[in-house]
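The primary structure of each chain is shown beneath.
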Amino acid sequence: MALLKVKFNQKKRVKLAQGLWLMNWFSVFAGILVFSMGLFLKIELRKRSEVMDNSESHFVPNSLILMGILSCAFNGFAGKICYDSLDPAKFAKWKPLLKPYLALCFVFNILVFFVALICFLMRGSLDSTLAHGLKNGMKFYRDTDTPGRCFMKKTIDMLQIEFKCCGNNGYKDWFEIQWISNRYLDFSSKEVKDRIKSNVDGRYLVDGVPFSCCNPSSPRPCIQYQVTNNSAHYSYDYQTEELNLWNRGCREALLNYYSGMMSSMGAVTLLVWLFEISVMIGLRLLHTSLESIPNPEDPECESEGWVLENSLKDTFKSALENLKKLGKFNQVEAGAEGAEGEEGGKTPAITTVS
């Protein structure tokens, strides 16, 4: 029994073709939207590529861009088919291409669904990328005179100001790295010498943070040096008092920003996928209803359209059988080639009569 079998007359076929033509052009605009989302996400990731450990995060925007381009191409082509289906003479040239085209549409819709799913599942990979990237970026914060790294200070400062965050996981991350350049240290000072000597790696570590960690909305002037020294500041207890610094780490801030953006894009892509599925089903109904017209010379006669010629179970069984036949055919060919090789390798015996 055919799946989603529908009876059509001439009027219904025309309405279906016109409706599909309109839906395909809506799908083209949806493809442009998906392409634009991918491009926007790629630009946003590029802005902060210095604090990302690898390029895996660009898989999502690249996939969205590709799906957007393919959507425009597929739906533009389908719109042309639907428009020509109103004229039997014009539609005749598309008949041989419709089955391969629908198969490609099916594969394309699987890819669109996969990309939408990836948008929701990239959070873990993005978390790892940001954790390593921010850690390395903070190490290069002091290298303002090193070619290739001189921009890192500005990048980190702008990031902390824009996202209202501090450090990788929190402000205490700055206590573990030397973020002040040696050119600004007075090595004749006893305090500087003692701090460097007290560290195994010979780094100048302080319980302070860059100015960009300061919260401008705090009523108290920013305490960015000697953060953990209560006696250095009047009426201050760093363990109980709310600090003047941003408490949230930049990894969490960026992760929420990008994962929220990707989730929204994934939801939009899922809606586009549902729309594409409905267009594909409508095109299949139009294709079968036009092919099943009993008398092509009488276009006004009734016909039947369906999504699958047999039930879903029978179609699945048929596909499995075809795959098995294809496998056996390949085995037979391989066996025949082997037999021919053996026969060719044999040398005929020559007997001599004396």
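Predicted model, so just to flag it, every value in this text is computed and none were measured.

### A closer look at the overall build of the protein
Piece 1. Along the backbone of the protein there are nine helices and two strands.
Piece 2. Element order for the protein, N to C, with α for helix and β for strand: β-α-α-α-α-α-α-α-α-β-α.
Piece 3. Residue burial in the protein is summarised as follows: out of 354 residues, 40% are buried.
Piece 4. Expressed as a percentage of contacts within the protein between residues at least 6 apart in sequence, the contacts between residues at least 24 apart total 72%.

### With respect to the nonpolar core
In globular proteins that are soluble, nonpolar side chains generally tend to be buried together.
Piece 1. L41, V60, Y171, W174, V209, L245 and L254 are the most contacted members of the largest nonpolar core, which has 79 residues in total.
Piece 2. Sorting the residues of this core by element identifies α1 (10-47), α2 (59-84), α4 (95-121), α5 (123-139), α6 (152-163), α7 (190-198) and α8 (250-291) as the ones contributing at least two each.
Piece 3. Looking at this core element by element, the count peaks at 14 residues for α8.
Piece 4. Here this core spans two domains, since at least three of its residues come from each of domain 1 (3-137 + 254-310) and domain 2 (171-247).
Piece 5. If near-sequence neighbours (up to four positions away) are discounted, V209 is found in contact with C166, Y171, W174, F175, W179, Q224 and L245.

### Concerning unusual backbone geometry
Piece 1. The phi angle at Q226 is positive, at roughly 50 degrees, despite the residue not being glycine.
Piece 2. Checked against the element boundaries, Q226 lands in the loop between α7 and α8.
Piece 3. Accessibility expressed as a relative area gives 37% for Q226, which makes it partly exposed.
Piece 4. Located in the positive-phi region is S235, a residue other than glycine, with phi close to 50 degrees.
Piece 5. Of note, S235 is situated in the loop between α7 and α8.

### Remarks on α6
Piece 1. For α6, built from twelve residues, the straight-helix expectation of 16 Å at 1.5 Å per residue is met to within 8% by its first-to-last C-alpha distance of 16 Å.
Piece 2. Residues of α6 that are buried include every one of M152, T155, I156, D157, L159, Q160 and F163, and no others.
Piece 3. Where α6 is buried, its residues contact α5 and α8.

Thresholds applied
The written sequence of each chain sets the order in which its residues are numbered from 1. Given that this is a predicted model, residues contribute local features only at a pLDDT of at least 70 and side-chain atom pairs are listed and counted only at 80 or more, while totals for whole chains, interfaces and linings are drawn from all residues. Side-chain measures here rest on the full set of heavy atoms in the structure, leaving out hydrogens and waters. Secondary structure elements follow DSSP: runs of H or I no shorter than four residues count as helices, runs of E no shorter than two count as strands, and numbering proceeds from the N terminus. Type-normalised accessible area, obtained with a 1.4 Å probe on protein chains alone, sets the label of each residue: buried when under 20%, exposed when over 50%, and partly exposed for intermediate values. Contacts were defined at the residue level, with two residues in contact if any of their heavy atoms lie within 4.5 Å. What we call a nonpolar core is a set of buried Ala, Val, Leu, Ile, Met, Phe, Trp, Tyr and Cys residues that are connected through their side-chain atoms within 4.5 Å. Note that the domain bounds reflect an automated or database-derived domain assignment. Given a helix with a known number of residues, its expected span is that number minus one, times 1.5 Å.

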